[in-house]
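Chain residues, written in single-letter form:
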Amino acid sequence: MNAARPKVLMVGPWPPTQGGVTTFMCNVVSSPLREQYDFIPFTTSRPGKRNVKGDNYGYAAVFRGGFKRVVQGILITLCHLVTYPWVVVVRRPTVIQVQASDFQAFWEAALYVLMGKILRRPTVLRIGGHFNRFWESSGAGARAAIQWTLRQPAVLVVQSEYWKNYVAGFGRTGPTIILNNFVPEILVEKRTLPVLSPPRFLLYCGETPRLKGAYVLLDALRELVARGVKVDVTLMAVTISLRDEIVKAGLDRHFTMLGFLSHDEALATLRRTDVLLQISLSEGFPNILLEAMALGCAAIVTPVGAIPEIVGPDGECAFIVPAGHASVLADRMTRLASDPGLLARMAAAAQARVVECFTERTATRVLDHTYQLARHEQG
């Protein structure tokens, strides 16, 4: 009976890689769609880089893991690219879904899309990451190649209305579908821990701490210390270089610093958090924000990427602050630290918004339609 079900080849970074794209794919294959489709994972993962100096971002990130890591990454990527057409020929997927990000990850995804098209398989390309920074930093030739790539898949999938509008002028004539990130309904849990005084704030730093707003938070904390405001701040996924900078600045006694955690460990940390700080300078559709809201966290966010669409109006479930403005961030942290009733109301509103807009019930219907549309477009 399973053999008769349509097969979807899921091309992207599977575990042990961590991050929003991996979480999205894991959520898809564990959703109710598994009763309708046979999902075939095809990994594009390479060994991870940790504790590089500076943000691990952009084309230069390829070289920040050292010579051995560069050679290893190239060889593994070539192996994936050589194996992929054989997997397509042997497994004969009904649809190929390719996850694309930015910079070199985008060009790698373009090769998978092109090979899928040559092999006459309906292909869905889902783009994410900091796509606007990728586009804006590209030259004329690269932009032409990006536009050409986005015209190749049967269906292009974007993460939000913001991103659909962003790529609207790129010359694509085929369908473009909005598919938000989502959380499993079982993740929506009643908050059991009370809001403490001071409340517990959390920032995910990751491999791009400057883009994630880590240094803005350091400046905000200096202001809070000067004001005599007490807050409990945790930094998660802290690189050694960032930790050293914090220690050197004498701020380490004001933070709890955690390393790179597994997904389950990260969720456990969110359960002990009252306010997520999603204060990035650039974003796509941050999965950690959805997870935090589902687990009953309020948030302080910046209006970048799809974040305004996630949180809705300012003040309902999140405070929206200008990117890079430490003083405004400090003001909002002070307000939540001084008004636990407001924080509790915002947290409840955040959880209600996730239930209404960002669970698998909505997302799986959209994805099922996308697969059917891809088959129709391919003819």
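What you see is a predicted model, and the numbers here were worked out from it, not measured in a lab.

1. Considering the pattern of salt bridges
Logical step 1: In this structure the tally under the stated criterion is 10 salt bridges.
Logical step 2: Here E185 makes a salt bridge to R361, at a shortest N to O gap of 2.8 Å. Taken together, the residues span a long stretch of sequence, with E185 in the loop between β6 (176–178) and β7 (200–204) and R361 in helix α14 (residues 360–378) at a distance of 176 residues.
Logical step 3: With a relative accessible area of 31%, E185 lands in the partly exposed category.
Logical step 4: For R361, a relative accessible area of 46% gives the class partly exposed.
Logical step 5: For R191, the salt bridge identified is with D274, shortest N-O distance 3.9 Å. With R191 in the loop between β6 and β7 and D274 in the loop between α9 (263–271) and β10 (275–278), this pair connects stretches of sequence that are 83 residues apart.
Logical step 6: Residue classification places R191 among the partly exposed residues on the basis of a relative accessible area of 25%.
Logical step 7: One salt-bridge network, in which partners are shared between bridges, spans R191, R200 and D274.

2. A short note on unusual backbone geometry
Logical step 1: Cis peptide bonds are those with omega within 30 degrees of zero, and the linkage from P15 to P16 qualifies with 15°.
Logical step 2: Unusually for a residue other than glycine, R92 sits at a positive phi of about 45°.
Logical step 3: Looking at the secondary structure, you find R92 in the loop between α2 (67–91) and β3 (95–100).
Logical step 4: Backbone geometry at A237 places phi at a positive 60°, although glycine is not the residue there.
Logical step 5: With respect to the secondary-structure elements, A237 resides in the loop between β8 (232–236) and α8 (240–248).
Logical step 6: Classification of A237 as buried rests on a relative accessible area of 1%.

Calculation rules
- Residues numbered from 1 in each chain as written.
- Predicted model: local features only at pLDDT ≥ 70, side-chain atom pairs only at ≥ 80, totals over all residues.
- Heavy atoms only, no water.
- Salt bridge = Lys/Arg side-chain N within 4 Å of Asp/Glu carboxyl O.
- Helix = DSSP H or I, 4+ residues; strand = E, 2+ residues; numbered from the N terminus.
- Buried < 20%, exposed > 50% of the residue type's maximum accessible area, 1.4 Å probe, protein only.

Limitation: the analysis is restricted to geometry and does not speak to function.
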